[in-house]
Amino acid sequence: MAEIHDQFDTILILDFGSQYSHLITRRCRELNVYAELLPCTQKLSELEFKPKGVILSGGPYSVYDDGSPHVDPEVWSLGVPILGICYGLQEMAWQLKGKVAECDHREYGFAQIHVEKIGNGADILFEGLGEELEVWMSHGDQLSQIPADFHVIGHTPTAPFAAIGHNDKPWYGIQFHPEVTHSPRGREVIGKFVLGVCRCSTHWTMEEFIGKEIARIREVCGPKGRVIGAVSGGVDSTVAAKLMHEAIGDRFHAIMVDNGVLRLDEAAQVDQMLRQNLGVNLTVVDASDLFLGRLEGVEDPEQKRKIIGNTFIHVFEDEAAKLEAEAEKAEAEGEDKKGKIEWLLQGTLYPDVIESISFKGPSATIKTHHNVGGLLKDMKLKLIEPLRELFKDEVRALGRLLNIPAPLVQRHPFPGPGLAIRILGPVNRDQVKILQQADSIYIEEIRKAGLYNQISQAFAVLLPVRAVGVMGDKRTYEQVIALRAVQSEDFMTADWYVFPPDVLRKISSRITNEVAGINRVTYDVSSKPPATVEWL
Ligand code: GLN
């Protein structure tokens, strides 16, 4: 990871456990500034790079409580601008000998900040944003006294020290959350800090990233090193595969495992797209019999996941061993173009990284994140993760730059265990076939209606219940399909999608007419929370 800091100015976000910390990172990135999140417990002397500025996030604790997390006091000697947000502001005040106390009224929601006229440059944070700023607050503590050498740059009727700045250092603290969309001009406030105060260069674009990442991959893999990776047809693995192909050509080998619970014709479509259209070196392994055999009759979702995960590892390892054996044979016969398979490509994204490093509480241990962790242990492969610094929208932008067709780049997420977790009852071939057909009609109609890109994720679920119906004057007793479609920014929360009634009518009528075994279609109107996006 170190190289990226040589190439791009970095804003360091120290995470105190707020549910919005990742949004601060995103907002900086949207300004084309590279930002990275680390837990608040990060020892600054162990940091491998020098940030251009530091942001202290919010957090659920009270600074004055025993055991609350605190930033390494080294931060005050780094000589770079610092912005404290909510808990971050309180932490700043607490460490610099101001006072923080519980407020009379917990404040949660909109507030109006009155911006002070200071005129000495300290109010650069709110420069040009007017005298009144609508913001979003979420706190139970607030400053009761500002530290020495600070002055007030904004107050609200209930919070006299809602925004403060240091008299001569570029240190600021704000009680509100500029990173959430409920603070309408919050992005601009972050921009004032990142661009105006920290003076970060705005080179963080996928155009810049792509060339640098390709060069990095080439250097890491060396002139002969080979890489294998699993592809699924999803956005992340496709973009990662194409990037590897650009970097090292045929020395990257993609493997697609058909586990029998993919969408209708999925394996063939991925084959067509990756191998024929994008030129990626690909093997498709049809292991559907093996998977379906092991899944036969299994109902428990965790067991379904385990079976699919473990079987996947075995199939993938077998395939890798075959490739290695072929390469050795070719080498023995005098062809020496191929090195050993040394690397495993993984399409890890930044939210996975954040999830594994974000601050979960003073005593939480840090867990590591591996989709296919089991593979590494046995195969002794090193991991290469070219997308690990990127958010999903950045991966999509990268995909477009790599000339991956738009429908593929915009694809909805699809879970690793596939249709097995959308069949709520026991899995068997018939159930898979029913769901594949219903799902395919559903997605086809959504595309035809031009709604696919408005929806974040849409899929059909096969319910393990039977309902009465009537067809051609005959009573039927058949299964039910539930349709799900949600809109979401980051899948942390999601709303159910409001379909035009005609589209739903068409989908329902096609499914009940064309899919044998289904006589009823329902639409899921649950948001997340309290429901989740997937049913299992
Ligand atoms: N826990 C602190 C408070 O209640 C900070 C809250 C926050 O950072 N959102 O004031």
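See the structure shown above.
A quick note: this is a predicted structure, and the numbers were derived from the prediction, not measured.

S.K.: Could you give an account of the nonpolar core, with specific residues and numbers?
M.R.: Ranked by internal contacts, the top residues of the largest apolar core, which has 48 residues, are Tyr-442, Ile-446, Ile-481, Phe-499 and Ile-511. If one sorts the elements of this core by residue count, helix H14 (residues 429–448) sits on top with eight residues. Apart from residues no more than four positions distant in its own chain, Ile-446 is found in contact with Leu-451, Tyr-452, Ile-455, Ala-458, Phe-499 and Ile-507. Counting residues in each nonpolar core, the second largest holds 43 residues, with Phe-209, Ala-254, Met-256 and Trp-343 among its members.

S.K.: Break down a nonpolar patch on the surface for me, with residues and values.
M.R.: Nonpolar side chains collect at one region of the surface, where Trp-496, Val-498 and Val-525 lie side by side and expose about 280 Å² of accessible area between them. The topology assignment puts Val-525 in the segment after strand E18 (518–523). With relative accessibility at 49%, the residue Val-525 sits in the partly exposed group.

S.K.: Got a sec to walk through the side chain of Ser-18? Specific residues and values, please.
M.R.: Relative to the helices and strands, Ser-18 is located in the loop between strand E1 (10–15) and helix H2 (21–30). Here the side chain of Ser-18 touches Tyr-20 through a polar contact of 2.8 Å, landing on its backbone nitrogen. Among all residues touching Ser-18, those that are not within four sequence positions of it are Ser-57, Gly-58, Gly-59 and Pro-60.

S.K.: Tell me about the site of the ligand, and name the residues and values.
M.R.: By nearness alone, every residue bordering the ligand is listed as Gly-58, Gly-59, Pro-60, Tyr-61, Cys-86, Tyr-87, Gln-90, Ser-138, His-139, Gly-140, Asp-141 and His-177. For the ligand, an oxygen atom lies 3.0 Å from a polar atom in the backbone of Tyr-87. Gly-140 is positioned with one of its backbone polar atoms (N or O) 2.8 Å from an oxygen atom of the ligand. In the complex, the protein chains occlude 89% of the 290 Å² of accessible area that the ligand would expose alone. For the shell around the ligand, the elements supplying multiple residues, two or more each, are helix H3 (87–95) and strand E6 (132–145). Here the shell around the ligand takes four residues from E6, the largest share from any one element. A class-by-class count of the residues in the shell around the ligand yields four nonpolar, seven polar and one charged.

S.K.: Describe the sheet that holds strand E13 (residues 341–345), listing the residues and the values that go with them.
M.R.: The strand order across the open sheet formed by five strands is E12-E11-E10-E13-E14, and the pairing between neighbours is parallel. Looking at which strands have only one partner, the edges of the open sheet turn out to be strand E12 (282–286) and strand E14 (382–384). Across the sheet, the axes of successive neighbouring strands diverge by a mean angle of 30°, strand direction being ignored. In the sheet, strand E10 (residues 226–230) pairs with E13 via four bridges, with the strands oriented parallel. Of the residues in E13, the one forming a bridge with Val-227 is Trp-343. Across the face of the sheet, helix H5 (residues 206–221) comes into contact with E10, E13 and E14 while running at roughly 170° to E14.

The rules behind these values
- Residues numbered from 1 in each chain as written.
- Predicted model: local features only at pLDDT ≥ 70, side-chain atom pairs only at ≥ 80, totals over all residues.
- Heavy atoms only, no water.
- Core = buried A, V, L, I, M, F, W, Y, C linked by side-chain atoms within 4.5 Å.
- Buried < 20%, exposed > 50% of the residue type's maximum accessible area, 1.4 Å probe, protein only.
- Helix = DSSP H or I, 4+ residues; strand = E, 2+ residues; numbered from the N terminus.
- Contact = heavy atoms within 4.5 Å.
- Patch = residues over 30% accessible without salt bridge, like charges linked within 9 Å, V, L, I, M, F, W, Y side chains within 5 Å.
- Areas by Shrake-Rupley, 256 points an atom, 1.4 Å probe, with all protein chains shown as cover.
- Salt bridge = Lys/Arg side-chain N within 4 Å of Asp/Glu carboxyl O.
- Polar contact = N/O pair within 3.5 Å; in protein donor to acceptor, adjacent residues only side chain to side chain.
- Near = heavy atom within 4 Å.
- Nonpolar A, V, L, I, M, F, W, Y, C, P; charged D, E, K, R; others polar.
- Pairing = 2+ DSSP bridges.
- Axes fitted to C-alpha atoms, helices over the stretch in contact; angles between N-to-C directions.

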